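Residue strings, one per chain:
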Amino acid sequence: MKEKLTGAQALIRALEHENVDVMFGLPGGCILPAYDPLIESKIRHILVRHEQGAGHMAEGYAHVTGRPGVAMVTSGPAATNLVTPLCDAYMDSIPMVGITGQVPTAAIGTDAFQECDTVGITRSITKHNELVMSAQDLPMVVRQAFYIATTGRPGPTLIDIPKDVLQNEMDWYWPSDDEVRDSLPGYRPNAKGHTKMIKEAARMILAARQPVLYVGGGVLKARAAGVLRELAELTQIPVVTTLMARGAFPDSHPLCLGMPGMHGTATAVTAMQKADLLIALGSRFDDRVTGKVSGFAPDAKIIHVDIDPAEQGTVRRPDVPIVGDCRLVIEEMLKAIKDLLQSGETQADVGPWRSRVSGWREQFPLAYDQSEPGAALKPQFCLEKLRDGAPEGTIVVSGVGQHQMWTSQYWNFEEPYTWVNSGGLGTMGFAVPAAIGAKVGRPDKTVWAVDGDGCFQMTAQELVTASLERIPVKIGILNNSYLGMVRQWQEMFYGERFSEVNLSGTLPDFVKWAEAMGCVGIRVDDPQEVEAAIDKANSINDRPVVVDFRVAEDEKVFPMVPAGKSNDDILLHHSQDSRREFLK
Amino acid sequence: MSGSNPYGQDSQHHVLSVLVQNRPGVLARVSALFARRGYNIFSLAVAPTEHPDYSRITIVVDLQSAPLEQMTKQLFKLIDVVRISELDPRFSVERELIMVTVKATAEQRSQIVELTNIFEARILSVGVEALTVSLDGSPSAIDDFMKALHPYGIVESQRTGLVALPKLDRAAPSSAQSAASSNTTHSSQGKAR
């Protein structure tokens, strides 16, 4: 005889069957039934202070573990609070499963208390979503949600469950892999690349004289860092890692040119511009990377490897499109290249190209002006000290803005899955909750969030969650009392007309705020104090720490390709302007 | 068939025949995708197929708003979309239905009946001062019919939007193959039940 369960019990058991070890959430009216069987479950639930926090925690967890993050909240306002993280996860292809309560089936459409059209609202920001109308469907819907979120191009899925569906009885079952596949006849992600195309790509790679490996987040999603390194070392082709791919290739490697794009290194940006072949691996020619598309890498042929066919040719038509999983495709590519070499083909000499690239790297390192004695701290200086003081393998998380760009520039990423940030959506307030999620996923690692004072004020309340749940994250606020990136644009492109951009030099008191939330708070405004403060923060492991670095308010991020300009028009640090000719 | 383009002088239309799982919200998913990506639709018709698990959505798209390839690739990302057939107007049979209520005084009635006969339309309802007629045909034939009726005064009209299937080859033996040669089909790799 089949076992009778309530929908709520079936939901929690299904999550256990999906090996969910932790979920982030906040209960409320319609989701209440699901919280009852949770008491007996081995799944750890982390009670957040705002549903957006639950979503970003799930993302941070997924970023560092590769496993789907789970956020569970109630209907209406809770569901709408989950919208931002879902959209963030959709833009950055993060596997995540959102579970929302819904008003009882009989009340749907009546504008009942805390009712909203959750599946309608989240339709365009989830890979798939589903309103469950029968308790009997729950195990299958949960399996589908996890299967869809984690296969193909990963992304968020959402399950919307009316209260009575959670309360009704059902006969427990657990669908097999085949049953799940058969239930989704329209979903057949293609992981294996086209053999002929891969061979063609191998020939182009060997023939190229000025090639660049343009590595995006898809390489990390495919767990392909190892084979990427093999490919780069075999062919001696330089590598750029986009904002979403920092850590996919070690920054200390002689072939690594750092980040391309709007605030990328001059070397990475210029190498792409001058390339005769771009091998795009899990990257999508985002506008922040290409600059003005018509001026982007004008002489380059394109090999584009992406698991999502819709990314092929959206921005730049590839000469060789390969739809597939980056790891499988790179493995096949390596085989094809080795076969060609064994059959007597030779690779074009990339030596001159490499020395040209090395020349750029020597001439155009990241640069900033050290602060004058007695003047405010430089954010880049703080980052260098943070980086140098961080234990090996530290995971660094950021919000969005100047501090994010500086962190991506100045941190040395040596290992994959040590960098967590909001790339596509650019969600201010991402850092604190995402860091908490990352620490939950990797409790063995030190987790530093580098945040801005603007970002911090959007989601700081989750530090209460972190204190109570004993999740000892470290937050470094690069506090310039401005919305720094907005200030930079107003200074550079709006004639220094500063509009609604100054937050406050005095409020809030970040130290007191940190202490009120159960954290250790440290304020630093003297360059001499920076190292000691970082050491102290690194030594505290029983609670969260917040370090308030009071930094110069007028510091700008360089290099910079102004929006809408060609990458050839990159703006350098003023100390390098005189060497500009080298980039021609 | 007249040479005029029923979708506007400079427009370039194409027909997508989209087989979807017959589930709640699937039409919303498809139309939301078109709205979100800025793809224009001339018409859209949806109905169940011979198989109860599937519906077919026939969409006439405006190729000036986006490349066809982008539309099909994005559509195919929807989990509920099982198969997409691109029907090139040159290699498909297309039909649309219109119902028109036209003013018809006693004197005019016979003229309208004559027009109805010429176009092989049908009279569905007769009123004191109006007639309701229906016509199925190609979009341009329907346009022509509307032009002919216009002077009498159109009270109201309703078009269904286009439905289409691949044109069959008259030469034996492999008609299906020939249709496939000019109309592309995107299908999930697995069995399409």
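Just so we're clear, the structure is a prediction, and the values are computed from it rather than from any experiment. Residues take numbers from 1 onward in each chain, read along the sequence in its written order. Just so you know, chain letters begin at A and ligand numbers begin at 1, following the order they were written in. Totals for whole chains, interfaces and linings use every residue, but because this is a predicted model, local features are given only for residues with pLDDT of at least 70 and side-chain atom pairs only at 80 or more, for both listing and counting. Only hydrogens and water are set aside when side-chain values are computed; all heavy atoms of the structure are taken into account.

**Student:** Even after reading the chapter, I still don't get unusual backbone geometry, so can you show me in this structure?
**Tutor:** Outside of glycine, negative phi angles account for most residues, and trans bonds account for most peptide bonds. Residues and elements named next belong to chain A. Here the amide bond leading from leucine 507 into proline 508 is cis, since omega sits at -5°, within 30 degrees of zero. The numbering of helices and of strands both runs from the N terminus, where a helix is a DSSP run of H or I of at least 4 residues and a strand a run of E of at least 2. For proline 508, the location among the structural elements is in the loop between α22 (484-493) and α23 (510-516). Cis peptide bonds are those with omega within 30 degrees of zero, and the linkage from phenylalanine 558 to proline 559 qualifies with -5°. Relative to the elements of secondary structure, proline 559 occurs in the segment after β19 (545-550). Within the chain, arginine 470 stands out as a residue other than glycine whose phi angle is a positive 55°.

**Student:** Teacher, can you tell me more about the domain arrangement of chain B here?
**Tutor:** Accessible area lost upon the coming together of the parts serves often as the stated size of an interface. Domain start and stop positions are those given by an automatic or database domain assignment. Annotation of chain B at the domain level lists domain 1 (13-87 + 181-187) and domain 2 (93-161). Between the C-alpha centres of domain 1 of chain B and domain 2 of chain B there is a distance of 30 Å.

**Student:** Quick question: what am I supposed to make of the nonpolar core here?
**Tutor:** The nonpolar side chains of a soluble globular protein tend to be buried with one another. Residue and element names in this part refer to chain A. Counting residues in each nonpolar core, the largest one holds 50 residues, and the members touching the most others are Phe24, Val397, Phe456, Leu463, Val473, Ile475 and Val546. Per-element tally for this core: the top contributor is helix α19 (residues 431-441), with seven residues. If we skip the residues at most four places from it in the chain, phenylalanine 456 touches Val432, Asp451, Leu463, Ile475, Ile477, Phe510, Trp513, Met517 and Val546. Ranked by size, the runner-up nonpolar core spans 40 residues in total, among them Ile205, Leu206, Leu220 and Cys256. Take the buried Ala, Val, Leu, Ile, Met, Phe, Trp, Tyr and Cys residues and link them wherever side-chain atoms come within 4.5 Å; each set so joined is a nonpolar core. The rule is simple: take the accessible area with a 1.4 Å probe, protein chains only, and divide by the maximum for that residue type; under 20% is buried, over 50% is exposed, in between is partly exposed. Note on contacts: a residue pair is in contact if any heavy atoms of the two residues lie within 4.5 Å.

**Student:** Mind showing me how you'd approach the pattern of salt bridges here?
**Tutor:** Side chains that carry opposite charge are capable of pairing whenever their charged atoms lie near each other. Basic side-chain nitrogens of Lys or Arg form a salt bridge, by our definition, when they fall within 4 Å of a carboxyl oxygen of Asp or Glu. Under the criterion given, the structure shown has 36 salt bridges over all chains. Glutamate 18 of chain A is the partner of arginine 143 of chain A in a salt bridge, and the nearest nitrogen-oxygen pair spans 3.6 Å. Taken together, the residues arginine 143 of chain A in helix α7 (residues 138-150) and glutamate 18 of chain A in the loop between α1 (7-17) and β2 (22-26) connect sequence positions 125 residues apart. There is no split in this pair, since arginine 143 of chain A and glutamate 18 of chain A are both buried. One salt bridge in this structure joins glutamate 531 of chain A and lysine 385 of chain A, with 3.3 Å as the shortest N-O distance. A residue pair is termed long-range when its members are at least 10 positions apart, and glutamate 531 of chain A in helix α24 (residues 530-539) and lysine 385 of chain A in helix α17 (residues 379-389) qualify at 146 residues. Classification of glutamate 531 of chain A by relative accessible area gives partly exposed; the value is 45%. Overlapping salt bridges bring together Glu130 of chain A together with Arg23, Arg29 and Asp80 of chain B as one network.

**Student:** Even after reading the chapter, I still don't get the domain arrangement of chain A, so can you show me in this structure?
**Tutor:** Residue and element names in this part refer to chain A. Here chain A is described as being made up of domain 1 (4-183), domain 2 (195-363) and domain 3 (379-550). When each unit is reduced to the centre of its C-alpha atoms, the spacing between domain 1 and domain 2 is 37 Å. Each of two parts loses accessible area, computed with a 1.4 Å probe, when they are put together; buried area is these two losses added. In total, about 650 Å² of surface goes out of reach between domain 1 and domain 2, with carbon and sulfur atoms giving 56% of it. Distance and chemistry together define a polar contact, namely a pair of N or O atoms within 3.5 Å, with one atom able to donate a hydrogen and the other to accept it when in protein, and with adjacent residues in sequence counting only for side-chain atoms on both sides. Summed over the shared surface of domain 1 and domain 2, the number is three residue pairs in polar contact (both at pLDDT 80 or more). In this classification, the charged set is Asp, Glu, Lys and Arg, the nonpolar set is Ala, Val, Leu, Ile, Met, Phe, Trp, Tyr, Cys and Pro, and all remaining amino acids, among them Gly, are polar. A breakdown of the residues in the side of domain 1 that touches domain 2 according to their chemical character gives three nonpolar, five polar and two charged.

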